[in-house]
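Descriptive analysis of the structure
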Amino acid sequence: MTKHLSSDQIVALFEQAGTQLYGGEAITQTEHALQAAWLAEQAGGDDSLVIACLLHDLGHMLFQQSDDELAEGKDDLHQLRVVPYLRGLLPPTVIETIRLHVDAKRYLCRHQPGYLAGLSEASRLSLALQGGVMDDSQACAFIDKPQAALAIALRRCDDAAKVCGLVVPPLTHYLSRLNSMIEKTAAT
């Protein structure tokens, strides 16, 4: 069984792997994560959504998929592979929201006219690796999940969090929320 990450290890991941470019976009992993968290915060999202937005792509940083693997059409399954590292550290609501954020993209492509066309080129390419647009039965199963609405909210922040040069609060701005959530989870 995998031991969960600590807050310090998460910060270290941002400091080390977060400097890498974010999957074909012109910003870093850390810039993307901070923009997503800031967008959730600006929209009035609760701590669960803000922290899920901050950590939604932690799996990319943890597993650092190579460009060769991407070129070969391999999906890193970052949204699934990170779950054991977060289990016991964060509440199930946050973990499930992170786990579902890729499915939320697939769902929105099916049910929101124009959504697919509005995705960045890199996001459209990853969509194909992630299973493509959901069919009706997949979409019905997804939207019935308890965290589907939060995953969709995360997805909207994720999609918008790709702005070069956008000034947002630093990682330290979110650490008290993260640490408070970790302490509450440990106490349950």
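Now for a look at the structure at hand. Just so we're clear, the structure is a prediction, and the values are computed from it rather than from any experiment.

In this section: the pattern of salt bridges. The tally for this structure, following the rule as stated, stands at seven salt bridges. For the salt bridge of R110 with D136, the shortest nitrogen-to-oxygen distance reads 3.0 Å. Linking R110 in helix α8 (residues 92-111) with D136 in helix α11 (residues 136-143), this pair joins segments that are 26 residues apart in sequence. A relative accessible area of 45% means that D136 is categorised as partly exposed. Residues joined in a network through salt bridges with shared partners are E41, D47 and R177.

This part is about the packing of helix α2 (residues 29-42) against helix α3 (residues 47-55). Relative orientation of the contacting elements α2 and α3 amounts to 165°, with a least axis distance of 7 Å. Taken together, the axis directions place α2 and α3 in an arrangement best described as roughly antiparallel. Remark: the crossing between α2 and α3 carries right-handed chirality. Facing A33, L34, A36, A37, A40 and E41 of α2, the residues of α3 in contact are L49, V50, C53 and L54. Here the contact of α2 with α3 is composed, by residue class, of nine nonpolar, no polar and one charged.

A separate point is the packing of aromatic side chains. Centre distance and the angle of the planes are the two values used to describe a pair of aromatic rings. Applying the stated criterion across every chain yields a total of two aromatic pairs. On the basis of an interplanar angle of 70° and a centroid distance of 5.7 Å, the ring pair of F63 and Y85 is categorised as edge-to-face. Of the two residues, F63 is situated in helix α4 (residues 58-63) and Y85 in helix α7 (residues 83-86); the sequence distance between them amounts to 22 residues. Residue F63 is classed as partly exposed on the basis of its relative accessible area of 23%. Residues Y107 and F142 carry aromatic rings whose centres are separated by 5.1 Å and whose planes lie at 40° to one another, so their mutual orientation is tilted. Linking Y107 in helix α8 with F142 in helix α11, this pair joins segments that are 35 residues apart in sequence. Like Y107, the residue F142 is buried in the burial classification. It is R81 that lies over the ring of F63; its NZ or CZ is 3.7 Å from the centre.

Taken as a whole and assessed by the stated rule, the structure comprises zero disulfides. Here C53 stays free of any disulfide, with the sulfur of C157 as its closest cysteine sulfur at 4.1 Å. In this structure C53 comes out as buried when scored by relative accessible area, which is 0%. C164 forms no disulfide, and the closest cysteine sulfur to it belongs to C157, at a distance of 18 Å. Overall, the relative accessible area of 52% leaves C164 in the exposed class.

Burial analysis of α3 places eight of its nine residues in the buried class, which makes it a mostly covered element. What α3 keeps buried is the set S48, L49, V50, I51, A52, C53, L54 and L55. Those residues of α3 hidden inside the fold are in contact with α1 (7-16), α2, α4, α8, α12 (148-160) and α13 (172-187). Residue D46 occupies the N-cap position of α3, its side-chain oxygen lying 3.2 Å from the main-chain nitrogen of S48.

A word on the nonpolar core. As a rule of thumb, nonpolar side chains are buried together in soluble globular proteins. Counting residues in each nonpolar core, the largest one holds 38 residues, and the members touching the most others are F14, L54, L55, L58 and L90. Elements with a minimum of two residues in this core: α1, α2, α3, α4, α7, α8, α12 and α13. Looking at this core element by element, the count peaks at seven residues for α3. When sequence neighbours within four positions are dropped, the list of residues in contact with L58 reads L5, I10, L13, F14, V82 and L86. The next biggest cluster of nonpolar side chains, apart from the first, holds 14 residues, and it includes L100, M134, F142 and I152.

Thresholds, definitions, all that
- Residues numbered from 1 in each chain as written.
- Predicted model: local features only at pLDDT ≥ 70, side-chain atom pairs only at ≥ 80, totals over all residues.
- Heavy atoms only, no water.
- Salt bridge = Lys/Arg side-chain N within 4 Å of Asp/Glu carboxyl O.
- Helix = DSSP H or I, 4+ residues; strand = E, 2+ residues; numbered from the N terminus.
- Buried < 20%, exposed > 50% of the residue type's maximum accessible area, 1.4 Å probe, protein only.
- Axes fitted to C-alpha atoms, helices over the stretch in contact; angles between N-to-C directions.
- Parallel < 35°, antiparallel > 145°, perpendicular 65-115°, else oblique.
- Left-handed = near helix turned anticlockwise from the far one by under 90°.
- Contact = heavy atoms within 4.5 Å.
- Nonpolar A, V, L, I, M, F, W, Y, C, P; charged D, E, K, R; others polar.
- Phe/Tyr/Trp six-rings, centres within 6.5 Å; stacked < 30°, edge-to-face > 60°.
- Lys NZ or Arg CZ within 6 Å of the ring centre and 35° of its normal.
- Disulfide = S-S within 2.5 Å.
- Polar contact = N/O pair within 3.5 Å; in protein donor to acceptor, adjacent residues only side chain to side chain.
- Core = buried A, V, L, I, M, F, W, Y, C linked by side-chain atoms within 4.5 Å.

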